[in-house]
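The lines below spell out each chain.
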Amino acid sequence: MRPLFIAGNWKMNPSTSEAAVALAEAVKAGVGTSAEVRVAVCPPSVFLHHVDAVLSGSPIGLGAQNMHWKPDGAYTGELSGAMLQDIGCTHVILGHSERRHGLHETDAQINAKLHAAIGIGLIPIVCIGETLEERQADQTNDVVAGQMTGSLAGLSPEQMAGVVLAYEPVWAIGTGLTATPSQAQAVHEFIRDWLTSKFGEATAQRVVVQYGGSVKPDNAAELLGAPDIDGALVGGASLKAADFLGIVQAARDVTAKGKP
Ligand code: 13P
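Heads up: these notes are all about the structure in this document. Along each chain, numbering runs from 1 in the same order as the chain's sequence is written. Per-residue local features are limited, in this predicted model, to residues with pLDDT of at least 70; the limit for side-chain atom pairs, both in listing and counting, is 80 or more; totals at the level of whole chains, interfaces and linings are taken over all residues. Based on all heavy atoms of the structure, the side-chain values leave hydrogens and waters out of the count.

Concerning the site of the ligand
Then step 1. Here a residue is considered near a molecule or strand provided that any single heavy atom belonging to it is located within 4 Å of it. As a matter of local geometry, the ligand sits amid N9, K11, H96, E168, A172, I173, G174, G213, S214, L233, G235 and G236.
Then step 2. We define a polar contact as two N or O atoms separated by no more than 3.5 Å, with the added condition that, inside protein, one atom must be a possible hydrogen donor and the other a possible acceptor, whereas residues neighbouring each other in sequence contribute only through side-chain atom pairs. Contacts to the ligand include N9, whose side-chain N or O atom sits 3.0 Å from an oxygen atom.
Then step 3. With respect to the ligand, the backbone of G235 contributes an N or O atom lying 2.9 Å from an oxygen atom.
Then step 4. With the chains in place, 97% of the 310 Å² that the ligand exposes on its own is no longer accessible.
Then step 5. A class-by-class count of the residues in the shell around the ligand yields 3 nonpolar, 7 polar and 2 charged. Surface exposure here means Shrake-Rupley accessible area, sampled with a 1.4 Å probe, where a residue is shielded only by the protein chains that are shown. For this classification, the nonpolar set comprises Ala, Val, Leu, Ile, Met, Phe, Trp, Tyr, Cys and Pro, the charged set comprises Asp, Glu, Lys and Arg, and every other residue, Gly included, is treated as polar.

Quick word on the environment of E158
Then step 1. A run of DSSP states H or I qualifies as a helix once it reaches four residues; a run of E qualifies as a strand once it reaches two. Both are numbered from the N-terminal end. Within the fold, E158 resides in helix 8 (residues 157–161).
Then step 2. Here R206 takes part through its side chain, which lies 3.3 Å from a polar atom of the side chain of E158.

Quick look at unusual backbone geometry
Then step 1. Residue N13 is joined to P14 through a cis peptide bond whose omega torsion reads -10°.
Then step 2. Among the structural elements, P14 can be located in the loop between strand 1 (5–9) and helix 1 (17–31).
Then step 3. The phi torsion at D138 lies on the positive side, around 65°, for a residue other than glycine.
Then step 4. Within the secondary structure, D138 sits in the loop between helix 6 (132–136) and helix 7 (140–151).
Then step 5. D138 sits in the exposed class, given a relative accessible area of 70%. Only protein chains enter the accessibility calculation, which uses a 1.4 Å probe. A residue is then buried if its area is under 20% of the maximum for its type, exposed if over 50%, and partly exposed in between.

Keep in mind these numbers describe shape, not what the thing actually does.
See below:
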């Protein structure tokens, strides 16, 4: 069984460093020192430094929510992977749907960022997923395959094995609508088959594929119990320590029980 990985995407929250520190402290206390389920938090960039200080000595990873593909230069408003690493980041989310759709980020840009992240040793979490319109038009698999073809281009199998994918159906993000475990599993299985066809079975079996979209403590166990769902990328519920820790606990329970 692949180790489950629960990551909190705080998006543009909370509004103060004080609140970010308090949330990080509560998550750190609740996670403790057990590393059998991987855990990471991804605060806004301006709070990375504060949260890194809190997380010191804990197994919790620290992720940024975006990065530029260039190492330095005249890119106003951007941050390089090296800067993120310097401030303590171990992970970086790439290609979140709120950037793909809200800010027109393309697969080619995500691919460039991915190569840059891998090049300096950040663990990338690459997001993919269809809109409601695309699902209703029965295009889910085509959309997901297209996003993977573009954003994962040029990776070796070894590089691919270290990438985390997050399948986040856009219609399930922040809406309270969760994909059912069978809907999510069907797409995760498609993703695993696609990875097998491009990178080989051994690599595909190593890739951690998270599910994201209204994951909460009360639906986490069922989702995480599905054979190809290897974790969760959590938005809203990651802003309340008790809810996030409830999801981490669900992952621990699934890990203890094992999957079929
Ligand atoms: P919600 O959990 O708020 O639906 O957000 C999911 C998400 O976008 C995580 O990246």
